[in-house]
Amino acid sequence: MKDRTFTPRPAPPDDSPFPSLAGALDARLRAEAPDTFAGIVRGPDGAVEVYATVSDPALVAIVEEVHASTGRRIAVRVVPGMKNSLASLENLFARVRVEADEVRQRGIALVSYGVHIPANRVLLGVEGLTAEIAESLRREFGPDQVEVREGQRFQPT
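The structure reproduced in this document is the subject of the present report.

**Details of helix α1 (residues 18-32)**
Taking 1.5 Å per residue as the helical rise, α1 with its 15 residues ought to reach 21 Å, and the 21 Å between its terminal C-alpha atoms agrees with that figure. Considered for burial, the residues of α1 that qualify are Phe18, Leu21, Ala22, Leu25 and Leu29. Buried positions in α1, seen along its axis, are confined to an arc of 95° and lie on one side of it. As for α1, its buried residues are in contact with β1 (37-42), β2 (48-52), α2 (57-69) and β3 (76-79).

**A closer look at the nonpolar core**
By size, the foremost hydrophobic cluster in this structure holds 18 residues, and its most contacted members are Leu25, Leu29, Val48, Val50 and Leu59. Those elements giving two or more residues to this core turn out to be α1, β1, β2 and α2. Examining the composition of this core, we find that five residues originate from one element, α1, more than from any other.

**Focus on the sheet that holds β3**
Sheets are built from strands paired through backbone hydrogen bonds, the pairs being either parallel or antiparallel. Within the open sheet, the three strands sit side by side as β1-β2-β3. Their pairing is mixed. For this open sheet the edge positions go to β1 and β3, each flanked by a neighbour on one side alone. Put simply, the sheet's adjacent strands are angled 20° from each other on average, direction ignored. Note that β1 and β2 share five bridges and pair antiparallel. When the sheet's bridge partners are listed, Arg42 is paired in β2 with Val48. The strands that α1 touches are β1, β2 and β3; relative to β1, the one it contacts most, it runs at about 175°.

**What to know about the packing of aromatic side chains**
Taken as a whole, this structure holds one aromatic pair when the rule is applied. Judged by centre distance (5.8 Å) and plane angle (50°), the rings of Phe93 and Tyr113 are tilted. Here Phe93, found in helix α3 (residues 86-105), pairs with Tyr113, found in strand β4 (residues 109-116); they are 20 residues apart in sequence, far enough to count as distant. Positioned above the aromatic ring of Phe18, the side-chain terminus of Arg42 is 3.9 Å from the ring centre.

**Notes on helix α4 (residues 131-141)**
The set of residues buried in α4 consists of Ile133, Ala134, Leu137 and Phe141. The buried residues of α4 occupy one face: seen down the axis, they fall within an arc of 100°. Residues of α4 that are exposed and angled more than 90 degrees away from the buried face: Ala131, Glu132 and Arg139. Where α4 is buried, its residues touch α3, β5 (121-127) and β6 (146-150). Downstream of α4 by a residue or two, Gly142 has a phi angle that is positive, lying close to 105°.

**Regarding the side chain of Ser85**
Examined against the element boundaries, Ser85 turns out to sit in the loop between β3 and α3. The residues touching Ser85, leaving out its near neighbours within four places in the chain, are Pro34, Asp35, Phe37, Ala38 and Thr53.

**Thoughts on the sheet that holds β4**
In spatial order, the strands read β4-β5-β6; together these three strands make up an open sheet with mixed pairing. At either end of the open sheet lies a strand with only one pairing partner, and these are β4 and β6. Pairs of neighbouring strands in the sheet enclose a mean axial angle of 25°, with direction left out of account. Of the pairings in the sheet, the one linking β5 to β6 comprises five bridges and is parallel in character. Looking at β6, one finds that Leu124 is bridged to Val148.

About the criteria used
Counting of residues starts from 1 at the beginning of each chain's written sequence and follows it residue by residue. Reporting of local features is limited, given that this is a predicted model, to residues whose pLDDT is at least 70; pairs of side-chain atoms are given and counted only at 80 or more, and all residues count toward the totals for whole chains, interfaces and linings. To get the side-chain values, all heavy atoms of the structure are used, and hydrogens and water are removed first. Comment: elements are numbered from the N terminus, with helices defined as DSSP H or I runs of at least four residues and strands as E runs of at least two. To estimate how far a helix should reach, multiply one less than its number of residues by 1.5 Å. When a residue's accessible area, from a 1.4 Å probe over protein chains only, is under 20% of the maximum for its type it is buried; when over 50% it is exposed; and in between it is partly exposed. For this quantity, the arc is that covered by the directions from the helix axis to the C-beta atoms. Any pair of residues with heavy atoms lying within 4.5 Å of one another is described as a contacting pair. By nonpolar core is meant a set of buried Ala, Val, Leu, Ile, Met, Phe, Trp, Tyr and Cys residues that side-chain atoms within 4.5 Å join together. The rule for pairing is simple: two strands pair if DSSP sees at least two bridges between them. Comment: axis = line fitted to C-alpha atoms, over the contacting stretch for helices; angle = value between 0 and 180 degrees taken between N-to-C directions. Two rings from Phe, Tyr or Trp (for Trp, the six-membered ring) form a pair when their centres are within 6.5 Å of each other. A pair whose planes differ by under 30 degrees is stacked, one over 60 is edge-to-face, and the rest are tilted. The criterion is that NZ of a Lys, or CZ of an Arg, lies within 6 Å of the ring centre and within 35 degrees of the ring normal, and then a charge sits over that ring.

Pasting the structure below:
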């Protein structure tokens, strides 16, 4: 019988330009365009998609500068039209985190919450969600800033 001892090996290097480009864009846009920057996602074709509230020339110039500095090895698109900036969603996320216990004390089983960049909302996961609970949370946290979904507690196996 052959010995099947597991030998850990390092992961193969990832030469994708996405992480370094996305990281550089994220840092610059958070610092220099916080009111219009709405986040970064990988598009369906692998491109970097920079979400923005409006098509702001200053934001576009930063994107172009960072893209050029990385050798343009991957496509980059600015996608305007988001309702919320990333900064506003992160502020709301911080508020939800502070108020989560209070929400639970009211009998609402809030089991998860986090910023969801593609949805341009803070997602709230509620176990046993009803239409009344969803509407209550939308009123409390802002209908244009939250999306309320059925959530589930983590069940360790």
